[in-house]
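Structural overview
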Amino acid sequence: MKPKLRIGIIDLVAKGPTRAMFARVMNANLASIMPQVLGVWCEQEGHDVTFVCYTGFENLVKELPSDVDLVFIGAFTEAAQLAYAMSNLFRSKGAVTAIGGPHARCYPQDAAKYFDYVLGFTDQASIREVLADCSQHRPDGLQVAAKQQPGQLPGVRERWRFIEPTVKKAPLIKVVPMIGSLGCPYTCSFCIDSTVPYQPLDVDVIKEDLKFLRQNFKRPIVAWHDPNFGVRFDECMDAIEEAAPPGSVEFIAESSLSLLSEPHMKRLKHNGFKAVLPGIESWYDLGGKSKTGKTTGIDKVRQVSEHVNMILRYMPYIQTNFVLGLDSDEGPEPFELTKLFVDLTPGAFPGYSLLSAFGRAAPLNLEYQRANRVLPFPFHFLNNNQAMNVRPKNYTWPEFYTQVIDVVRHSFSYRAIAKRCKATKAMVPRWMNVIRAVSSEGFGRINYHTEVRRRLEADKGYRGYFEQETTRLPQFYEDLVKKDLGPLWEWLPPGALHHDPNAYLKSAIV
């Protein structure tokens, strides 16, 4: 008979302590599904599970489970340094450690230096393999991966023991994560899901989950974690309508403009969808995702603006996502077009990401590495905003940050905030837009980007790091990591602030 293991599972929503207003409201609602799934699978194998979702407001050292045999940590790349420090702490106490999530998929070679197991695609059989072995693999961890994404996942009812304490951490809005599909039908060159085949999940599980939620919440809010909700639109909506009568559940979904036609919007509104997050990404590329075909430039701006304004007639909240610094961008025009879009579409909240290459996340990253354009910024800053780790093709660094600051200032000026409030009719979305604008996503990023530009112009060593003249990390960044990790800084292993930005290319050559 196999021994019962004491297992800790940690979902790192935050990479360190925060006091941002928007984080206070929403971080607990950003919990991942797979750590919860892992908890279900481990309990099904007969083991004891302690689950922690770290949102940035807990005392993580006190929250960490003690006296455990095996610790699973789920992390995005921005939380990698925190994950490495935690692994080192647990290893010092005799535990075996494993990492999963996007970072493990993007940087498996680096993660293997600090964990006994590095999980790629993860299904129940691969977890069973880890549980059966549960031994130290050092100095290099064992990479474990299923051939593809799992065919099915435990639903909300099965995951409820892990969902409930996490939802209770949210002070106002309480969101439950659900998923109806894996992978993505689109091929955005910078996206981790671009090479993962689209795979629908069982609609009967969706119906069961919604019925369960209605029994446990007066008016539950569900966030769909599908990269593009609504690919099989009618099938999904039929399941929702059967299990959740209009008015009984509210929904948030990430989708593409190509799926958000007016007939679809009418049906989404009827069934309680309150927010959508479509990707626009670029004014010169990715026309299939935005349903603009070969239309580019100002013509695309006007077409997309008209489409988004139509959506706003049915949906109280929409976030439009852009990637800044793509190779198709040149000169001030892309940024001026984005400012025009903000003016033409005042009710939409613009979400800006700096172009980032996350290790093995996308084949395009090999091209960046072949061209020696990937910078070795610590993982801690790879959150699409604190650092752009791809040297821009058509801008100097000061030019690029000047344009970024300009478009963000325009988007979150008091005038733009006021226009967004006026264009947003519902009270909660209006309030959310203001909080996001004056917190870390608006004013906070203006201040941060301005400081980066100032240092690029005033500090030769800082600029040299960006220009790849030196690999010596500016003290500015090390100090930020030290501050964010707090008492766990002393557990960060030697060398863990640094990684090989061309590891993907080197492994491909081998």
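Secondary structure summary: the chain contains 22 helices and 14 strands in total. Since a compact globule built from 510 residues should have a radius of gyration of about 24 Å, the 22 Å found for the chain is in line with a globular shape. Projecting the C-alpha coordinates of the chain onto the three principal axes gives extents of approximately 65 × 60 × 40 Å. Burial statistics for the chain: of 510 residues in total, 58% are counted as buried. Put simply, the chain shows about 21,200 Å² of open surface, and 52% of that area lies on carbon and sulfur atoms. One way to put it: in the chain the 60 positive side-chain charges average out to a point 5 Å from where the 55 negative ones average out.

Let us look at unusual backbone geometry. For the peptide bond that leads from Arg 138 to Pro 139, omega is 15°, which places it in the cis range. You will see that Cys 134, though not glycine, has its phi angle at about 40°, which is positive. Tracing the sequence through the fold places Cys 134 in the loop between helix H7 (124-133) and strand S6 (142-144). Taking the relative accessible area as the measure of exposure, Cys 134 reaches 18% and is therefore buried.

Next up on the list: the pattern of salt bridges. This model, assessed by the stated rule, comprises 25 salt bridges. Between Glu 451 and Arg 455 there is a salt bridge, with the nearest N and O atoms lying 2.7 Å from each other. Placement of the pair is Glu 451 and Arg 455 together in helix H19 (residues 443-458), with a separation of four residues, close to one helical turn. Residue Lys 506 pairs with Asp 500 through a salt bridge whose shortest N-O separation is 2.8 Å.

This part covers the sheet that holds strand S1 (residues 6-12). Sheet architecture is open: six strands sit in the order S2-S1-S3-S4-S5-S6, paired in parallel fashion. Only two strands of the sheet have a single partner each, and these edge strands are strand S2 (48-54) and S6. Neighbouring strand axes in the sheet, compared pairwise and without regard to direction, differ in orientation by 20° on average. Note that S1 and strand S3 (residues 70-75) share six bridges and pair parallel.

The next thing to look at is empty space enclosed by the protein. This model, assessed by the stated rule, comprises six cavities of 30 Å³ or more. If you add up the space inside the largest cavity, you get close to 130 Å³. Taken together, 13 residues line the largest cavity, and the ones lying closest to its centre are Leu 153, Ile 179, Leu 201, Val 205 and Asp 209. Taken together, the residues that form the lining of the largest cavity break down as eight nonpolar, two polar and three charged. A volume near 80 Å³ is recorded for the second largest cavity. If you go around the second largest cavity, the residues you meet are Glu 281, Ser 282, Trp 283, Phe 322, Val 323, Leu 324, Gly 325, Asp 329, Pro 334, Phe 335 and Thr 338.

On to the pairing of strand S10 (residues 221-224), then. Neither face of S10 is left uncovered, since the one carrying Ile 221 and Ala 223 and the one carrying Val 222 and Trp 224 both have all their residues buried. One ladder, built from four bridges, connects S10 with strand S11 (residues 250-255); its direction is parallel. The partner of Ile 221 across the bridge, within S11, is Glu 250.

A few words now on the environment of Pro 487. Within the element layout of this structure, Pro 487 appears in the loop between helix H21 (475-485) and helix H22 (503-509). Relative accessible area serves as the criterion here: at 54%, Pro 487 is assigned to the exposed category. Considering only alpha carbons, one finds Pro 487 and Val 61, 426 residues apart in sequence, at a separation of 7.9 Å.

The biggest cluster of nonpolar side chains holds 134 residues, and the ones touching the most others in it are Leu 12, Leu 210, Trp 224, Phe 273, Phe 466 and Tyr 477. The element contributing the most residues to this core is helix H4 (residues 80-92), with eight residues. When residues no more than four places from it in sequence are discounted, the contact partners of Tyr 477 are Phe 377, Phe 381, Gln 386, Tyr 448, Val 452, Tyr 462 and Phe 466. Counting 30 residues, the second-largest nonpolar core is a separate cluster that includes Leu 5, Val 49, Phe 162 and Leu 201.

For the rest of this paragraph, the subject is the pairing of strand S4 (residues 96-100). Judged by how many residues are buried, S4 sits mostly within the fold: five of five residues are covered. Of the two faces of S4, the one carrying Val 96, Ala 98 and Gly 100 and the one carrying Thr 97 and Ile 99 are both buried. For the segment spanning S3, H4 and S4, crossover handedness is right-handed. Bridge count for S4 against strand S5 (residues 117-119) is two bridges, and the pairing is parallel. What sits directly across from Ala 98, in S5, is Tyr 117.

Calculation criteria
- Residues numbered from 1 in each chain as written.
- Predicted model: local features only at pLDDT ≥ 70, side-chain atom pairs only at ≥ 80, totals over all residues.
- Heavy atoms only, no water.
- Helix = DSSP H or I, 4+ residues; strand = E, 2+ residues; numbered from the N terminus.
- Rg over C-alpha atoms; globule rule 2.2 N^0.38 Å.
- Buried < 20%, exposed > 50% of the residue type's maximum accessible area, 1.4 Å probe, protein only.
- Areas by Shrake-Rupley, 256 points an atom, 1.4 Å probe, with all protein chains shown as cover.
- Lys, Arg positive; Asp, Glu negative; His and termini not counted.
- Charge placed at Lys NZ, Arg CZ, Asp CG, Glu CD.
- Salt bridge = Lys/Arg side-chain N within 4 Å of Asp/Glu carboxyl O.
- Pairing = 2+ DSSP bridges.
- Axes fitted to C-alpha atoms, helices over the stretch in contact; angles between N-to-C directions.
- 1 Å grid on protein atoms, 1.4 Å probe; cavity = no way out; pocket = protein on both sides within 12 Å on 5 of 7 lines; lining within 4 Å.
- Points joined across faces, edges and corners; volume = space filled by probe spheres on them.
- Nonpolar A, V, L, I, M, F, W, Y, C, P; charged D, E, K, R; others polar.
- Core = buried A, V, L, I, M, F, W, Y, C linked by side-chain atoms within 4.5 Å.
- Contact = heavy atoms within 4.5 Å.
- Right-handed = clockwise from strand over helix to strand, strands pointing away.

These values are about where atoms sit, not about what they do.
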